[in-house]
Amino acid sequence: MRPTLLLIPALALSACTAPAAQDPGLRVGGAFGARPSVAFPAGRPSGSLQIDQLTAGKGARLGATDVAIVHYTAHVWDGRENRQVDSSFTRGAPAAFPVGQLVPGLDKALRGRTVGSRVIAAIPPAEGFGANPPQGVGPSDGLFYVIDILGAHAKGASVQGRAGAYAGIRVGGGARPVLSLPLARPPARYAAKVLVRGDGPRVGRGQLVVTQYEGAVWERRRVFDSTWTSGRPRAFTVGDGGVIKAWERALTGVPVGSRVLVVAPPRTAYGSAGLPAFGIRGADTLVFVVDVLAAYR
């Protein structure tokens, strides 16, 4: 499968804002940020949505349109095997959960929580995936999540910087940089330039990187994707093939808080196949301006 810029979590639930206690006998062990242990009581769950907060964080509060960066585990709670079906701890990198676009149970569990909190949620089918669950989950399965909230990123987050230019490309300053492409032919080689250098830690392979970006097709001077327009930041893991080669090269080693301009000829973008869903042809050179907001491991 050809890499894309958008990473969508395999499982995403929601929980409820009303207070709810753990089922008697349910035990969740481990420190915040570490893989939890879960001991289930005998029998099936109650069938109602239940949420509890095991650790209260002191960080930012998640808003209705924020992107939550989380570590989590998910189990099917069926009273028999109670098997684990997903875990960011197993994959070795956190996940990005877009608040407001999750299944009802998870959305209720996360909205209004603070960074640094550990939340658990028992989610019945009606508050989960319903009749169309993902692979590994049945329509009648209840789910149990342990979620550690590592970060919160608002839809308008950006790197502040002055205008810049490179290879005839102009990038506007301010909270939302605007790309202006020249009439000249695109360069044949990949190029990247740090327009604003941040003072955060350097992005490393295996980290989940939170970004805002705008991408344009050089030949037609047309923007084909923009997180500033779509409404919230997006995140991906560096080094796992989830993004195009030009992004891997341009962002690895860049300090958090940087704004980067990237020129991606076809061989470092989507190759001869292009990306028809976004109107990108096989011979198109792409240009991106990328704000590196955060990086998590």
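As the structure is a computational prediction, the values presented were derived from the model and not from experiment.

Caption draft 1: Just the overall build of the protein chain, in detail. Tallying secondary structure elements over the protein chain gives four helices and 17 strands in all. Compactness check: the protein chain gives a C-alpha radius of gyration of 21 Å against a globular reference of 19 Å for 297 residues, within 12% of the reference. Expressed as lengths along the three principal axes of its C-alpha atoms, the size of the protein chain is roughly 70 × 40 × 30 Å. Buried residues in the protein chain amount to 51% of all 297 residues. In the protein chain, the proportion of contacts linking residues at least 24 apart, taken out of those at least 6 apart, comes to 76%.

Caption draft 2: The arrangement of the sheet that holds strand S10 (residues 169-171) in detail. Pairing is antiparallel in the open sheet, where three strands are placed in the order S9-S10-S11. Every interior strand has two partners, whereas the edge strands, strand S9 (164-166) and strand S11 (179-180), have only one. Here S9 runs beside S10; their pairing, made up of three bridges, is antiparallel. Looking at the pairing, Gly-164 lines up with Val-171 of S10.

Caption draft 3: Local environment of the pairing of strand S8 (residues 142-153). For S8, the tally of buried residues reaches ten of twelve residues, placing the bulk of the element in the interior. Bridge analysis of strand S4 (residues 67-77) against S8 gives eleven bridges, and the strand direction is antiparallel. When the sheet's bridge partners are listed, Trp-77 is paired in S8 with Gly-142. Sheet analysis places strand S7 (residues 118-123) next to S8, joined by six bridges and oriented antiparallel. Looking at S8, one finds that Ile-120 is bridged to Val-146.

Caption draft 4: Representation of the nonpolar core in the model. Membership of the largest hydrophobic core comes to 27 residues, with the highest contact counts inside it found for Trp-247, Leu-251, Leu-286 and Phe-288. Only strand S13 (208-217), helix H4 (245-251), strand S16 (259-264) and strand S17 (286-296) provide two or more residues apiece to this core. For Leu-286, the residues in contact, after removing those within four places along its chain, are Ala-216, Val-217, Phe-224, Val-262, Val-263, Ala-264, Ala-269, Tyr-270 and Ile-280. Leu-62, Ala-74, Phe-97 and Val-137 belong to the second-largest nonpolar core, a separate cluster that totals 25 residues.

Caption draft 5: Quick look at the packing of aromatic side chains. What the rule picks out here adds up to ten aromatic pairs. Relative to Trp-77, the ring of Phe-40 lies with its centre 5.3 Å away and its plane at 55 degrees, an arrangement referred to as tilted. Linking Phe-40 in the loop between strand S2 (37-39) and strand S3 (50-55) with Trp-77 in strand S4, this pair joins segments that are 37 residues apart in sequence. Given a relative accessible area of 2%, Trp-77 falls into the buried group.

Caption draft 6: Looking closely at the confidence of the model for the protein chain. For the protein chain, per-residue confidence averages 90 on the pLDDT scale, and 92% of positions sit at 70 or higher. Across residues 1-21, where pLDDT falls below 50, the model places 88 contacts with residues more than four positions away in sequence or in other chains.

Caption draft 7: Spatial organisation of the environment of Arg-185. On the secondary structure map, Arg-185 appears in the loop between S11 and strand S12 (191-196). For Arg-185, a relative accessible area of 78% corresponds to the exposed category. Counting along the chain gives 100 residues from Arg-185 to Thr-285, while the straight-line C-alpha distance between them is 9.7 Å.

Thresholds, definitions, all that
Residues numbered from 1 in each chain as written. Predicted model: local features only at pLDDT ≥ 70, side-chain atom pairs only at ≥ 80, totals over all residues. Heavy atoms only, no water. Helix = DSSP H or I, 4+ residues; strand = E, 2+ residues; numbered from the N terminus. Rg over C-alpha atoms; globule rule 2.2 N^0.38 Å. Buried < 20%, exposed > 50% of the residue type's maximum accessible area, 1.4 Å probe, protein only. Contact = heavy atoms within 4.5 Å. Pairing = 2+ DSSP bridges. Core = buried A, V, L, I, M, F, W, Y, C linked by side-chain atoms within 4.5 Å. Phe/Tyr/Trp six-rings, centres within 6.5 Å; stacked < 30°, edge-to-face > 60°. pLDDT = per-residue confidence, 0-100.

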